[in-house]
Amino acid sequence: MLAGGGMGAFLYTWRWEPHWLRVVRRKLPLTNLPDRLVGTRLAHLTDLHIGPRVDDSYLIDTFKRVRRYAPEIVVYTGDFTSYEANIFEHASRMFPHLPLGTRATFGVLGNHDYGPGWAHPEVAAKIAALAKAAGVDILRNESAEIEGLQIVGCDDLWADRFEPRQALAAVDPQKASLVLSHNPDTADLPGWEGHSGWILAGHTHGGECKPPFLPPPLLPVRNRIYTSGEFALSGGRRMYINRGVGYLFRVRFHVRPEVVFFELARA
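In short, a report on the structure. Here the structure is a predicted model, which is why all the values come from computation and not from measurement.

1. A short note on the overall build of the chain
Stage number 1. Summing up its helical and strand segments, the chain has five helices and twelve strands in all.
Stage number 2. Against the globule reference of 18 Å for 267 residues, the chain gives a C-alpha radius of gyration of 18 Å, in line with a compact fold.
Stage number 3. The principal-axis extents of the C-alpha atoms in the chain amount to approximately 65 × 40 × 35 Å.
Stage number 4. Each of the 267 residues in the chain was classed as buried or not, and the buried ones make up 55%.
Stage number 5. Partitioning the contacts of the chain with sequence separation of at least 6, the portion at a separation of at least 24 is 74%.
Stage number 6. For the chain, the accessible surface area stands at approximately 11600 Å², while carbon and sulfur atoms represent 57% of it.
Stage number 7. In the chain, the 30 positive side-chain charges and the 28 negative ones have mean positions that sit 6 Å from each other.

This is the structure:
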């Protein structure tokens, strides 16, 4: 009996939950949001980890599912890939399947997009170029604007490329803004002067495995409260940490993968 239960839990953690995608729907209230963007659907995907471990078929099914909702804006918060010897060929096959927004698509890079040891900017440059060719505008400590909404993209912390002041330099505080930053620990670092809105992040995978009602034992962040979901921050900021689509190892327990569909609203 105990052996059977243990085997059942193992099979669930390995075979079922890693691909049991959760679709989250919630409001995203933004200060100074133009009336024409109220009700706009923004899809947030992160941590796809295209590479040697995550099943391509699962990712493509997820991309098709997102595409059926026809979101006007799609954002990606890093770790498009997990490095392998043929990662560029693999990404070239998979990136054309990435869901795009009907109005705009933006993304930032994560640590895994920088190759082994997060130390290869040439790998990151190639991944960014492949994403751009597929229709994703990769923001690297810079900002862009879509119909009065400023999208700010911060480059990766672990790759030593995070420069928030540079990313926010051109932002107009009288307009609505939203920041994409792969690693939630960036929210605790200096350089956020002038931004009092939302940050969308990933990186943690929610811990991948956690006991019910307890925090996950393993998290790749210094600030251990940053698991997944919404967090209130200093300076009036708020952050949403997405659990991600993929995984580093094919195990998830009580931490289902997710895609988040935000409905933009005026704060």
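And the narrative resumes.
2. Quick look at the nonpolar core
Stage number 1. In terms of nonpolar packing, the biggest core is built from 36 residues, with Leu45, Leu48, Leu59, Phe80 and Phe95 touching the most fellow members.
Stage number 2. Every element with two or more residues in this core is listed here: β2 (41-45), α2 (56-68), β3 (73-77), α3 (87-94), α4 (121-133) and β12 (258-266).
Stage number 3. Setting aside residues no more than four positions away along its own chain, Phe80 makes contact with Leu48, His49, Ile50, Phe95, Leu98, Val108, Leu109, Asp113, Val136 and Ile138.
Stage number 4. Core analysis: the next-biggest nonpolar cluster, separate from the first, contains 25 residues, Leu37, Ala104, Leu180 and Val260 among them.

3. Focus on the sheet that holds β2
Stage number 1. Here we have six strands laid out as an open sheet, ordered β1-β12-β2-β3-β4-β5, and mixed in their pairing. The sheet is open, and its two edges are formed by β1 (22-30) and β5 (137-138), each paired on a single side.
Stage number 2. Bridge count for β3 against strand β4 (residues 104-108) is five bridges, and the pairing is parallel. In the strand pairing of β4, Val74 is matched with Thr105.

4. Considerations on the packing of aromatic side chains
Stage number 1. Scanning the entire structure with this criterion turns up seven aromatic pairs.
Stage number 2. A ring pair is formed by Tyr226 and Phe231, whose centres lie 5.5 Å apart and whose planes are at 80 degrees; its orientation type is edge-to-face.
Stage number 3. Owing to a relative accessible area of 13%, Phe231 belongs among the buried residues under this scheme.
Stage number 4. Ring centres 5.6 Å apart and planes at 90 degrees place the aromatic pair Tyr240 and Phe262 in the edge-to-face group. A residue pair is termed long-range when its members are at least 10 positions apart, and Tyr240 in strand β11 (residues 238-241) and Phe262 in strand β12 qualify at 22 residues. Each member of the pair, Tyr240 as well as Phe262, is classed as buried.
Stage number 5. Among the aromatic residues, those joined into a ring-pair cluster are Tyr76, Phe80 and Phe95.
Stage number 6. The positively charged end of Arg256 is found above the aromatic ring belonging to Trp20, 3.7 Å away from the centroid.

5. Remarks on the side chain of Asp113
Stage number 1. Tracing the chain through its elements places Asp113 in the loop between β4 and α4.
Stage number 2. For Asp113, which is buried and forms no salt bridge, the nearest opposite charge comes from Arg140, at a distance of 9.2 Å.
Stage number 3. In terms of polar contacts, Asp113 uses its side chain to reach the backbone amide nitrogen of Gly110, at 2.9 Å.
Stage number 4. Residues contacting Asp113, with those up to four places away along its chain left out, are Gly78, Asp79, Phe80, Thr81, Val123, Ala124 and Ile127.

6. Remarks on the sheet that holds strand β9 (residues 198-201)
Stage number 1. An order of β6-β7-β8-β9-β11-β10 is seen for the six strands of this open sheet, with the pairing classed as mixed. Strand pairing shows two members of the sheet lacking a second neighbour, β6 (142-146) and β10 (229-232), which therefore form its edges. Recorded for the sheet is a direction-independent mean angle of 25 degrees between the axes of neighbouring strands.
Stage number 2. Summarising the sheet, β6 and strand β7 (residues 149-154) pair through five bridges and their orientation is antiparallel. Each residue of the ladder has a partner; that of Glu145, found in β7, is Gln150.

7. Some points on α2
Stage number 1. For α2, with 13 residues, the first-to-last C-alpha span of 18 Å sits near the 18 Å given by 1.5 Å per residue.
Stage number 2. Taken residue by residue, α2 has Tyr58, Leu59, Ile60, Thr62, Phe63 and Val66 as its buried positions.
Stage number 3. At its buried positions, α2 is contacted by β2, α3 and β12.
Stage number 4. Within two residues after α2, Ala70 carries a phi angle of roughly 50 degrees, on the positive side.

What counts and what doesn't
- Residues numbered from 1 in each chain as written.
- Predicted model: local features only at pLDDT ≥ 70, side-chain atom pairs only at ≥ 80, totals over all residues.
- Heavy atoms only, no water.
- Helix = DSSP H or I, 4+ residues; strand = E, 2+ residues; numbered from the N terminus.
- Rg over C-alpha atoms; globule rule 2.2 N^0.38 Å.
- Buried < 20%, exposed > 50% of the residue type's maximum accessible area, 1.4 Å probe, protein only.
- Contact = heavy atoms within 4.5 Å.
- Areas by Shrake-Rupley, 256 points an atom, 1.4 Å probe, with all protein chains shown as cover.
- Lys, Arg positive; Asp, Glu negative; His and termini not counted.
- Charge placed at Lys NZ, Arg CZ, Asp CG, Glu CD.
- Core = buried A, V, L, I, M, F, W, Y, C linked by side-chain atoms within 4.5 Å.
- Pairing = 2+ DSSP bridges.
- Phe/Tyr/Trp six-rings, centres within 6.5 Å; stacked < 30°, edge-to-face > 60°.
- Lys NZ or Arg CZ within 6 Å of the ring centre and 35° of its normal.
- Salt bridge = Lys/Arg side-chain N within 4 Å of Asp/Glu carboxyl O.
- Polar contact = N/O pair within 3.5 Å; in protein donor to acceptor, adjacent residues only side chain to side chain.
- Axes fitted to C-alpha atoms, helices over the stretch in contact; angles between N-to-C directions.
- Expected span 1.5 Å × (residues − 1).

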